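Reading the structure
So you can see what is in the structure, the chains are spelled out below.
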Amino acid sequence: MAADKTPVETLTENEAAAELAFLASEIARHDELYHGHDAPEVSDAEYDALKRRNDAIEARFPQLRRADSPSLKVGAAPLPTFAPITHSRPMLSLDNTFSDEDVRDFINSVYRFLGRLPDGSIAFTAEPKIDGLSMSIRYENGRLANAATRGDGTTGENVTANILTIDEIPNTLPKGVPAVVEVRGEVYMTKSDFLALNEKMASEGKRTYVNPRNTAAGSLRQLDPKVTASRRLRFFAYAWGEISEPNDLPKTQYEMVQTFKAWGFPVNPLMKRLNSVEDIIEHYREIGLKRPDLDYEIDGVVYKVDRLDLQQRLGFRSRSPRWATAHKFPAEQAFTRVEKIDIQVGRTGALTPVARLTPVTVGGVVVTNATLHNEDYIKGIGNSGERIREDEHDIRIGDTIIVQRAGDVIPQVLDVVMEKRPADSVPYESPKKCPVCGSHAVRERNEKTGKLDSVTRCTGGFVCRAQAVEHLKHFVSRNAFDIEGLGSKQIDFFFEADDPALTIKTAPDIFTLKKRQEASPLTKLENIEGFGRVSVRKLFDAIDERRSIALARFIYALGIRHVGETTAKLLARHYGTYDAFQSAMTEAASFAGDAWSDLNNIEGIGEVVARAIVEFFKEPRNLEVIGRLLEEVTPQAAEQVSTSGSPVSGKTVVFTGSLEKFTREEAKARAESLGAKVAGSVSKKTDYVVAGPGAGSKLDKARELGVQVMDEDEWLAFLGG
Ligand code: IVH
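Residues numbered from 1 in each chain as written. Predicted model: local features only at pLDDT ≥ 70, side-chain atom pairs only at ≥ 80, totals over all residues. Heavy atoms only, no water.

This part takes up the site of the ligand. Taken together, 14 residues are adjacent to the ligand, and E127, I130, S134, E186 and Y238 come closest. The contact in question runs from an oxygen atom of the ligand to an N or O atom on the backbone of L94, over 3.3 Å. E127 places a side-chain nitrogen or oxygen 3.1 Å from a nitrogen atom of the ligand. With the chains in place, 87% of the 530 Å² that the ligand exposes on its own is no longer accessible. Listed by contribution, the elements that provide at least two residues to the shell around the ligand are β3 (124-130) and β10 (298-305). Take the shell around the ligand: its biggest share by element is 4 residues, from β3. Its residues placed into classes, the shell around the ligand shows 7 nonpolar, 2 polar and 5 charged. (Near = heavy atom within 4 Å. Polar contact = N/O pair within 3.5 Å; in protein donor to acceptor, adjacent residues only side chain to side chain. Areas by Shrake-Rupley, 256 points an atom, 1.4 Å probe, with all protein chains shown as cover. Helix = DSSP H or I, 4+ residues; strand = E, 2+ residues; numbered from the N terminus. Nonpolar A, V, L, I, M, F, W, Y, C, P; charged D, E, K, R; others polar.)

Below you can see the structure in the form of C-alpha cells.
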C-alpha cells in the first residue's frame, strides 16, 4: 500500500486514523532499512513526504496522534560504531587551486619560501586527485596491523576488518620493509562497479546510490565485512604516515610511490615528475581530457614537491602542507528554479537566506538548496561591493537560475536566466525581524570602514531560541564536545522539552541531565520513543566521557564569534590552562594594557577576533553559564604540541632584521613547529630576539628590557642545528 493521496482536508477521522497507523509502521520500516541495513527503498524526498503527510494529518486530528507516531521520535538507530584510532601523524588536507594563475602562485610560493629564484630547478609530481576516501594502513613487521579512515585528521575510525577484504591491498609486505610503515592512499569504487551495483539495486526495486564516492564510504562503514567484500573496493597508494627506518627509503615522492608499487600496492599510472609551470599545466589538461574515459572519479590534479627534504623544510600550515596543492577541475553546472527563499538563523544570530530549489542533478548529485549568503548577494553584490552577477542580476522567487557545485562545496547560484523571469516577480525583501524570535534584525556598521556589514543579524541574543539551539548544536558538534548520541535532532528534542527532568537549555544542562533523571521517577527518558534503555545508558556514558576535555576543544565549543578551531588551538597553546585564559580575557576588558597586547600579539589573531573574544567574556550571562559548566567539566591543560625537549617550547621569539639562511617565513614556521610562539613586537614577555643585519628599534627595545638577543647562527645552534 502506498501513502494515500486523498487531500488531508477531506479525510474522515476513520480514514485519518487508518493512515496514521500505516504511516507509523511504514516510516519505522524505512528507518530500519536506512540505518540498520544501509539499504533504503525510497529516496530522501519520498521519505520526507511520508513524514510531512504524517505531520499534516496529526495537525488536523491532534487527538489521533499515536504513541508510536514518527513525529515523536528523536534520532534514529545509531550508526554502526567503529573504535577510534589516533593517527600517529595527522592526515592533512590539501589547499585548492583553480586557475593557471593559482598554480603559478603556488609554485612561486615554494621557491620564495625556500629563498630561491623560480628557475625551474625544483621538480614536482603531478597525479590525479582521486575522489574516494583517504585511508591510513599500518603495517607492523610486514603484516597489516590496522587501517583507519581520515576522520577529523587526528582521529579516524578503525575499519581494519573491512580493509582486509580489499584484494588490492596487500595483507603482508615483502621482506626487508621497515618494521613500522603506514601506507596512505585513496579507497574508491570504479564507475563500472558503481553502475552495476545501481542496476542491481534498481532491478530489486531498491533505492539507488548517489555516486561512487558515497557508495565506497557506505561500503566501508559496514559492521559486517562480508558486505564490504561484496562491493569490490579498490585502492591507490600515494602517501605515507609513520615509517620506522626512513633513511633506507628513497628521497623523493616519485620514487617513494614506485617503492609502494614494488611492495604490491596499486599506484596511479598517470603520475609524472615535471619542473616547469607550463609542463605541469599541460599535464593537468591531458588528465582532464582523459577524465571521461577513466574508470574512476577524479576531481583534479595534485602537485607535490618531489624532494622529501624540501617537503620537510616547507612543512605545514595548520591544516595543509605548503609543499602540495590540488588543482581542481572546473565545477559542474545545471539549470533549475527557485521555489522559495527561507531564512536560517545561525548561532551568532546571522540570518542566512537559503534558496529552496526544484531538485536537479549537478555532476551526479541531487541539489535541492543553495545558500544565498546575505541580502547583498541576492542583489548581485559581493562582499567588497563588487558585482557578482552580470548586470547585477538579483535573485527572485520563481527565477530560473544556474547552480554550480564544485566538489563538496555548498552549491552556489551562478546566474539568473533573465528571459525566464516571471512577469509578476518582485525583488526579494530581507526580513526586518528575526523569523524565530521576532527581535529586530539589523545590519551592523563596521566601526573602522563605516560600511554596512553584509550580514543581517537577529538582535535577540539569548532570547532567540534559534540562537540558543544553534549554540548547543555547536557545543556538541564533532570538533567540539562530540557527544555520541547527542546530535542535532536530540538537541532539538531536549531543548523543546520543558519538563525540568528532561530539558537542556544551556550546555551545563547536558551534564546535569543524568542527575535530574535519577531524581525524577516520573519522566524517564528510556520510556520516550526513540530512546530505550540501552541508548539512554550509552548517552549518559558518552556525556560522562567528556567531563574531561582538551582545552582547545573546550574553547572552540564556547562558540565565541570568529573563534574557529584554529584560533581555539592558538589560544589553548598560548594560555595553557582555562583559568589563565579567562583571567587574561577579563584583564583585557578595557581593550588596553598588557593582557590586551599579549592577546593581539599571538600570531594568527587579529584585532577583530581579539575584540570578539574579550567582548564575549564581558557578558555576565556567558560567565554565569561557563561557571556552571566548569562545575561539571574539566578542561585539560593544553599540551605544548609534541615538542617536549625542544629548547624553545612555550617561549616567545621575535625575528628582526634580515635573515640569511632562511626566509622569514621559514624561520617562523620552523620555530613554531618546535613549539615556540613567534610575536611581531618585543615586550616583557619576549624570551628571545633573533636579530639579523639591519635590525633597529626592536633590537633596541630588547636591549632595554634585557631580553636575550642572538644572531641567526647562535639561534640555529640553540635549536640544535
Ligand atoms: S596527498 C598531505 N594525493 O585529497 C597531503 N591526496 O584534499 C596528503 N586525495 O584527504 C594527501 N587523491 O583524500 C593526495 N593523489 C592524491 C590524492 C589525494 C585524492 C585526497 C585525500 C586527501 C584530500 C585532500
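Still to come is the rest of the account.
The next thing to look at is the environment of V227. With respect to the helices, strands and loops of the structure, V227 is situated in helix α7 (residues 225-230). Residue V227 is classed as partly exposed on the basis of its relative accessible area, which comes to 24%. Taking the C-alpha atoms as reference points, V227 and T348, 121 residues apart in sequence, are found 43 Å from one another. (Buried < 20%, exposed > 50% of the residue type's maximum accessible area, 1.4 Å probe, protein only.)

A separate point is the sheet that holds strand β8 (residues 234-243). Reading across from one edge, β5-β4-β7-β8 is the order of the 4 strands in this open sheet, with antiparallel pairing throughout. Across the chains shown, the open sheet's two edge strands, defined by having one partner strand only, are β5 (143-149) and β8. Each neighbouring strand pair of the sheet contributes to a mean axis angle of 30°, computed without reference to strand direction. Across 8 bridges, the pairing between strand β4 (residues 133-140) and strand β7 (residues 180-188) is antiparallel. Residue pairing for β7: S136 is matched across the bridge by R184. Relative to the sheet, helix α8 (residues 253-262) contacts β7 and β8, its axis offset from that of β8 by approximately 115°. (Pairing = 2+ DSSP bridges. Axes fitted to C-alpha atoms, helices over the stretch in contact; angles between N-to-C directions. Contact = heavy atoms within 4.5 Å.)

What follows is about the environment of Q467. Summarising the element assignment, Q467 is placed in helix α12 (residues 465-476). The spatial distance from the C-alpha of Q467 to the C-alpha of V345 is 6.7 Å, given a sequence separation of 122 residues. Setting aside its immediate chain neighbours within four residues, Q467 contacts V345, G346, R347, T348, G349, C458, G460 and G461. At 3.4 Å, the side chain of Q467 and the backbone oxygen of C458 are in polar contact.

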